[in-house]
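Structural overview for review
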Amino acid sequence: MLLRRLREIMAERVSAQSRLDRIVSLIAANMVAEVCSVYLVRPGKQLELFATEGLNKAAVHKTRMKWGEGIVGDVAANARPLNLPDAPSHPSFSYRPETGEDPFQSMLGVPVIRGGQTLGVIAVQNRTHRLYGEEEVEALQTIAMVLAEMVLSGQLIDPAELDGGDRKDKPWRASGINFSEGMAMGRAVLHEPRVKIEKLIADDPVAERARLDKAIEDLREQIDAMLAQEDSVIAGETRDVLEAYRMFANDRGWLNRLREAVNSGLTAEAAVERVQEDTRARMHRQTDSLIKERLHDLEDLANRLLRHLAGRADTAAEEQLPLDAIVFARHMGPAELLDYDRTRLKGLILEEGSPTSHVAIVARALDIPLIGRIEGVLDQVEPLDWVIVDGETGDLHLRPTSDVREAYRHKLALRAQRQAAYAAIRDVPAMTRDGVKVRLQMNAGLLADLPHLSETGAEGIGLFRTELQFMIAPSMPRLQHLVDLYTQVLDAAGDLPVVFRTLDLGGDKVLPYARPLGEENPAMGWRAIRMTLDRPALLRYQIRALLAAGAGRDLSIMFPMVAEVAEYMTARGLVEKELERLDKRREPRPRSLRLGTMLEVPALVFQLEALTKAVDFISIGSNDLMQFLFASDRGNPRLGNRYDTLSPPMLNLIKQVVDVSAARGVPVTVCGEMAGRPLEAMALIGLGIRSLSMPPASIGPVKQMILSMNSSALAAALTEMRQNTGHSVRSALKTLAQLHNLSI
Ligand code: PEP
Ligand code: MG
């Protein structure tokens, strides 16, 4: 058998060159070819003749072809075999007199590839017009794989010399989209570990075939189990991917190719790798994104199969992580991210993803930077590579040079210094210099957010977005699950208040398990309170869970996207019904219950008098309020800078809410993103707002600003600014802040 002979040659204690010489003779004899030659890639993308049987030996190490030049160059450039009965008539043919190849008509060239990188070409030639059989092509590809191993081991060429452009030891930089801010430096970890293949040629092909079949069987069972399991970590796009896995795992063509590769004498692992190389080559040639996607799925599946064969874990979360792990994945589900050891996970890089994807929500809750949409990053990264994630700019640096690392060390140290300064004021009350106390609370939505309560010294949770839990779950959470979750939130908060907002679904907040609504204008569509009032069972179900968790405690509930007082009254009626139900069942009520509403729809401002009579509190959702006040989509980048929260209309509106509420003694909080930006927070305090709820990371910077500000001076300045006819008062506020040396 050819491979067995090859293994003997590989084991001989001779120089690498003589080993290669013997290999070409062996191939020529075995394939009844008059010529067998090996070309390897040299610097500058040249292909050098390294060994030949049948061509002029004097041309060895002399003849060089350019990338894409001649049949050999074509095979290398396109990373695919060429099987030509009449080579001289092929458009790529390039005649090299020094090799003495004129009498040869037919030619078969296959690329020597490893990990998607072309290292060289093996070619056989015959005098006759011969079309090489499919098995012959396969056999030559298998040999090419063994040869790739030999090249990579550095026996033939210095590895540093290998095609400079493509080597994975050079720095690589890319920009993506930052879905979660922050900055980190650490070591690369592949979410789906790659298996390094140690052994290529099997000792016992029959046993090897049995191993392969068993691994395929296990893999199929695993995929079926994942798909069948309702409560598994899968959701949305991940389910599509699993469906694709199942399709491929049962695909005869793929399975046959794997089995043939094992039958040719390869180990099961090498067979998977061999078939995968073909997939990669096809992937690079594909331009159709849908097919490319499916080929990606096939690649993932092959990796999974390799892990089964090697007995490795399915994701790196189950393995030992480096201290500063930066995880790389094509895509990831939210639950998969939560599986990682939080103390070691420092950043996440995805080839795909979107700002509203659920993994991004979790990354923000965990406070780790996440950069997404970096195409091809998985082809570039090697495990344990140095990585810098700049979640402020969206830049990724792989294997950065020492000066880039130094620059980032400096940046990270500055950040750490700032964090230390925030930590130092953690327990200092947020009080302005003229003695006005501002309540600083944080926004949350997942259990992963809760540790931030004590880290930041937040005075409570001013906005608990209950929909996030529904969004990251694979299916509708059960009642008991919700009761447990809300209980854990209240336990973590202890004596601090928590304001639970009922489900705010719709718009950009979609459930993976719900049918898309196909609305033309989802932000203004059937969402939030509108949806839950139309589906009162859902709202009652949630209120029931909240009341159960809040039994004997202080509980606050608010409703999102309320547009008119009547909506609030209906929702309130549902709460009262649930309270009556408790009484009937003699189950305990909360110790105190406060009901309020978000103020996100401008219509509600025209009913402020009535509203303030009906609610216990109001929370201004500046994100949606801005969007509806200016009729300007909050997610549209083209409109991102068009209107400013620090504009007279917005400031006047907030001032009106503050005044009417104050007259009625109804507390007002601002909980949109605006509250977490020091300059905006400064303006809000100037308008009379005394309670803010914001992302946890904003509490330090906002508190620092408050400690340095004087509220009465600001109130006077804002009264004037509100009369301004300009587009925004931002720069006037900035100047004022600078003048008074405020930390913004
Ligand atoms: C808001 O609209 O300002 C708000 C806090 O709600 P969300 O961002 O969850 O829509
Ligand atoms: Mg909102």
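Keep in mind the model is a prediction, meaning the values are calculated, not measured.

Attention now moves to the overall build of the chain. A count of helices and strands for the chain gives 26 helices and 22 strands. When the backbone C-alpha atoms are referred to their principal axes, the chain occupies close to 100 × 60 × 45 Å. Residues classed as buried in the chain amount to 53% of the 744 residues present. The long-range fraction of contacts in the chain, counting pairs at least 24 apart against all pairs at least 6 apart in sequence, stands at 67%.

Right, let's talk about the coordination of the magnesium ion (ligand 2) for a bit. Here the magnesium ion (ligand 2) is held by the protein donor atoms Glu-600 (OE) and Asp-624 (OD), which lie 2.0 Å from it. Taken together, the residues Glu-600 in the loop between strand 19 (592-599) and helix 20 (608-614) and Asp-624 in helix 21 (residues 622-629) connect sequence positions 24 residues apart. By the burial criterion, Glu-600 is buried, and Asp-624 matches it.

What surrounds ligand 1 is a group of 14 residues, the closest being Arg-465, Arg-501, Lys-509, Gly-621 and Asn-623. In the model, an oxygen atom of ligand 1 is placed 2.7 Å from a nitrogen or oxygen of the Arg-465 side chain. Relative to its free-state accessible area of 280 Å², ligand 1 is covered by the protein chains to the extent of 99%. Of all elements in the fold, only strand 16 (461-465) and helix 21 reach the threshold of two or more residues within the shell around ligand 1. The greatest single-element share of the shell around ligand 1, amounting to 3 residues, is contributed by helix 21. When the residues that make up the shell around ligand 1 are grouped by side-chain class, the tally is 3 nonpolar, 4 polar and 7 charged.

The terminal C-alpha atoms of helix 19 (residues 565-584), which comprises 20 residues, lie 29 Å apart, in line with the 28 Å expected from a rise of 1.5 Å per residue. The secondary structure elements touched by the buried residues of helix 19 are helix 17 (528-534), helix 18 (536-549), strand 18 (554-559), strand 19 and helix 20. Phi for Arg-586, located one or two positions after helix 19, is positive at around 55°.

Per the stated rule, a full pass over the model turns up 62 salt bridges. The partner of Glu-217 in a salt bridge is Arg-220, and the shortest N-O contact between them spans 3.4 Å. On the criterion of helical spacing, the pair formed by Glu-217 and Arg-220 is a turn pair, its members being 3 residues apart in helix 5 (residues 205-228). Ionic pairing is found between Asp-624 and Arg-527, a salt bridge with its closest N-O pair at 3.5 Å. You can see Asp-624 sitting in helix 21 and its partner Arg-527 sitting in the loop between strand 17 (498-501) and helix 17, a full 97 residues away along the chain. Across the pair, exposure class does not vary: Asp-624 and Arg-527 are buried alike. Each of Arg-114, Glu-149, Glu-273, Glu-277, Arg-280 and Glu-299 takes part in salt bridges that share partners, so that together they form one network.

Here we come to the sheet that holds strand 1 (residues 35-42). Strand order in the open sheet made by the 6 strands is 3-2-1-6-5-4, with antiparallel pairing throughout. Where the open sheet ends on each side, the last strands, each with one partner, are strand 3 (64-66) and strand 4 (82-84). Going across the sheet, the axis of each strand differs from the next one's by a mean of 25°, ignoring polarity. In this structure, strand 1 lies alongside strand 6 (residues 117-126), joined through 6 bridges in antiparallel fashion. When the bridges of strand 6 are listed, Leu-40 appears paired with Gly-120. Together, strand 1, strand 2 (46-53), strand 3, strand 4, strand 5 (106-114) and strand 6 form the strand contacts of helix 3 (residues 70-78), whose direction differs from that of strand 5 by roughly 35°. Helix-sheet contacts for helix 4 (residues 134-152) involve strand 1, strand 4, strand 5 and strand 6, and the interaxial angle to strand 5 is about 40°.

Now for the pairing of strand 1. On a regular strand, one side chain projects to one face of the sheet and the next to the other, so that they alternate. For strand 1, the buried fraction is high: 8 of the 8 residues fall into the buried class. Here strand 1 shows a buried face lined by Val-35, Ser-37, Tyr-39 and Val-41 and a second buried face lined by Cys-36, Val-38, Leu-40 and Arg-42. Relative to strand 2, strand 1 is paired through 7 bridges, and the arrangement is antiparallel. Paired with Cys-36 across the bridge in strand 2 is Glu-53. Taken together, strand 1 and the strand that follows it, strand 2, pair antiparallel across an intervening segment of 3 residues, in which Gly-44 is found at a positive phi of about 80°.

Moving on: the pairing of strand 15 (residues 439-444). Within strand 15, 5 of the 6 residues are buried, leaving the element largely enclosed by the surrounding structure. For strand 15 and strand 22 (residues 691-694), the ladder comprises 4 bridges, and the chain directions are parallel. Across the sheet, the residue bridging to Leu-440 is Leu-692, located in strand 22. Pairing of strand 15 with strand 16, which is carried by 3 bridges, proceeds in the parallel orientation. Paired with Met-442 across the two strands is Ile-461, which belongs to strand 16.

Another point: the packing of aromatic side chains. One pass over the full model with this rule turns up 4 aromatic pairs. Aromatic rings pair up to connect Phe-464, Tyr-486 and Phe-500 into one cluster. In this structure, Arg-405 packs its charged tip against the face of Trp-386, placed 4.5 Å from the ring centre.

Strands sit in the order 7-14-13-9-10-11-12-8 across an open sheet of 8 strands; the sheet is mixed. In the strand order of this sheet, the two ends are held by strand 7 (172-175) and strand 8 (177-180), each with one partner. Across this sheet, the average inter-strand angle for adjacent strands is 30°, counted without regard to direction. Where strand 9 (residues 183-190) meets strand 13 (residues 386-390), 5 bridges bridge the pair, whose relative direction is antiparallel. Looking across to strand 13, one finds that Arg-187 is bridged to Trp-386. Packed on one face of the sheet, helix 13 (residues 402-424) meets strand 9, strand 13 and strand 14 (395-398) and runs near 120° to strand 9.

The N-to-C vectors of helix 7 (residues 252-263) and helix 8 (residues 268-285) enclose an angle of 130°; their axes lie 8 Å apart at closest approach. Taken together, helix 7 and helix 8 sit at an angle that is classed as oblique. For the crossing formed where helix 7 meets helix 8, the hand is right-handed. Between helix 7 and helix 8, the contacting residues are Trp-254, Arg-257, Leu-258, Ala-261 and Val-262 on the first element and Ala-268, Ala-271, Val-272, Val-275, Asp-278 and Arg-282 on the second. Grouping the amino acids of the contact of helix 7 with helix 8 by side-chain chemistry returns 8 nonpolar, no polar and 3 charged.

Reports of interface size often rely on the accessible area that becomes lost once the parts have come together. Each assigned domain of the chain is listed here: domain 1 (2-161), domain 2 (172-193 + 317-415), domain 3 (205-312) and domain 4 (438-739). A straight line from the C-alpha centre of domain 1 to that of domain 2 covers 40 Å.

For the chain, per-residue confidence averages 91 on the pLDDT scale, and residues scoring 70 or more make up 98% of the total. Across residues 231-235, where pLDDT falls below 50, the model places 14 contacts with residues more than four positions away in sequence or in other chains.

Checked against the element boundaries, Glu-351 lands in the loop between strand 11 (345-350) and helix 11 (358-366). As a buried residue without a salt bridge, Glu-351 has its nearest oppositely charged side chain in Arg-330, at a separation of 5.2 Å. Within polar-contact distance, the side chain of Glu-351 engages the backbone nitrogen of Val-377 at 3.2 Å. For Glu-351, the side chain forms a polar contact with the main-chain nitrogen of Leu-378, separated by 3.0 Å. Once residues within four sequence positions are removed from consideration, Glu-351 is found in contact with His-296, Ala-329, Arg-330, Arg-373, Ile-374, Gly-376, Val-377, Leu-378 and Asp-379.

Let us look at the nonpolar core. The biggest cluster of nonpolar side chains holds 126 residues, and the ones touching the most others in it are Leu-337 and Leu-692. In this structure, this core is formed jointly by two domains, domain 2 (172-193 + 317-415) and domain 4 (438-739), each of which donates at least three residues. For Leu-692, the contacting residues outside a window of four places in its chain are Val-438, Arg-439, Leu-440, Gln-441, Thr-669, Val-670, Ala-675, Ala-681, Leu-684 and Val-702. Of all hydrophobic cores here, the second largest spans 70 residues; its members include Val-110, Ile-122, Val-151 and Tyr-245.

Scoring rules and cut-offs
Residues numbered from 1 in each chain as written. Chains lettered and ligands numbered in written order. Predicted model: local features only at pLDDT ≥ 70, side-chain atom pairs only at ≥ 80, totals over all residues. Heavy atoms only, no water. Helix = DSSP H or I, 4+ residues; strand = E, 2+ residues; numbered from the N terminus. Buried < 20%, exposed > 50% of the residue type's maximum accessible area, 1.4 Å probe, protein only. Contact = heavy atoms within 4.5 Å. Donors = N, O, S within 2.8 Å, 3.2 Å for Na, K, Ca; no water. Near = heavy atom within 4 Å. Polar contact = N/O pair within 3.5 Å; in protein donor to acceptor, adjacent residues only side chain to side chain. Areas by Shrake-Rupley, 256 points an atom, 1.4 Å probe, with all protein chains shown as cover. Nonpolar A, V, L, I, M, F, W, Y, C, P; charged D, E, K, R; others polar. Expected span 1.5 Å × (residues − 1). Salt bridge = Lys/Arg side-chain N within 4 Å of Asp/Glu carboxyl O. Pairing = 2+ DSSP bridges. Axes fitted to C-alpha atoms, helices over the stretch in contact; angles between N-to-C directions. Phe/Tyr/Trp six-rings, centres within 6.5 Å; stacked < 30°, edge-to-face > 60°. Lys NZ or Arg CZ within 6 Å of the ring centre and 35° of its normal. Parallel < 35°, antiparallel > 145°, perpendicular 65-115°, else oblique. Left-handed = near helix turned anticlockwise from the far one by under 90°. Domains from an automatic or database assignment. pLDDT = per-residue confidence, 0-100. Lys, Arg positive; Asp, Glu negative; His and termini not counted. Core = buried A, V, L, I, M, F, W, Y, C linked by side-chain atoms within 4.5 Å.

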